[in-house]
Amino acid sequence: MNYKEKDVKNAMRHDKIAFESLYRDINTDLCKMALYMLGNNQIAEEIVSETVLDALIGITKLKDETRFEAWILKILTNKCKRRMREKYHKFSVFNPNAQEFDDSLNQQLCQEKDIDATTDVQIALSKLQPKDRMIVTLCVVEGYKSHEVADVLSMNPTTVRSRLNRSLAKMREYLEVKE
């Protein structure tokens, strides 16, 4: 995520304009992550809105501005996990109830050289357990390190690495069968 640390500091001091700037900087990343985890654009937007509202209310309690990213990701992932428990026992990115990706994400996917490969990767991702999908999304798609993901998901970094490796192996196995 790209944001200005000074905006975090100012937002911690009740500066609404700084929080608004912060929101503009992180909103797209939060939406993308929620969409990858939930597979439904409308629900992802709702979760991001709830996350931002909680962040606005609670940012003054944040003790260290360098921990902002982990803090907001923790809020987002907890809300996503809660929503998955409530609504989706069997999750699939391509289930009949799932909405289409938003136009910006579709444009991003269309820019890829092999759209079919992208679709296969999304299907392989959807076959993972929700927590494993979060780990793959955070590590591979968003580029976070295992210790950062461990912090966000309240897990041991070694557990994150082993679940990531197992998940990637499952995805690789699915993709090899498709070829």
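What you see is a predicted model; the values in this text were computed from it and never measured. (Residues numbered from 1 in each chain as written. Predicted model: local features only at pLDDT ≥ 70, side-chain atom pairs only at ≥ 80, totals over all residues. Heavy atoms only, no water.)

Visitor: I'd like a rundown of the packing of aromatic side chains, residues and numbers included.
Guide: Counted by the stated rule, this structure contains two aromatic pairs. Measuring from ring centre to ring centre gives 5.2 Å for Tyr3 and Phe68, while their planes differ by 70°; the resulting arrangement is edge-to-face. One end of the pair, Tyr3, is in the segment before α1 (5–12); the other, Phe68, is in helix α4 (residues 68–87), and 65 residues separate them in sequence. The pair Tyr3 / Phe68 is uniform in exposure class, with both members buried. Taking the centre distance of 6.0 Å and the plane angle of 45° together, the rings of Phe68 and Trp71 count as tilted. Pair noted here: Phe68 and Trp71 are both in helix α4, with a separation of three residues, about one helical turn. By relative accessible area, which is 21% here, Trp71 ends up partly exposed. The structure contains a cluster of three or more aromatic residues connected by ring pairs, namely Tyr3, Phe68 and Trp71. (Phe/Tyr/Trp six-rings, centres within 6.5 Å; stacked < 30°, edge-to-face > 60°. Helix = DSSP H or I, 4+ residues; strand = E, 2+ residues; numbered from the N terminus. Buried < 20%, exposed > 50% of the residue type's maximum accessible area, 1.4 Å probe, protein only.)

Visitor: So what's going on with the side chain of Thr51? Which residues, and what values?
Guide: Along the chain, the position of Thr51 falls in helix α3 (residues 41–58). A residue is classified by how much of its surface remains accessible, and Thr51, at 0% relative accessible area, is buried. In this structure, Thr51 is in contact with Ile72, Ile75, Leu76 and Lys79, ignoring residues within four places of it in sequence. (Contact = heavy atoms within 4.5 Å.)

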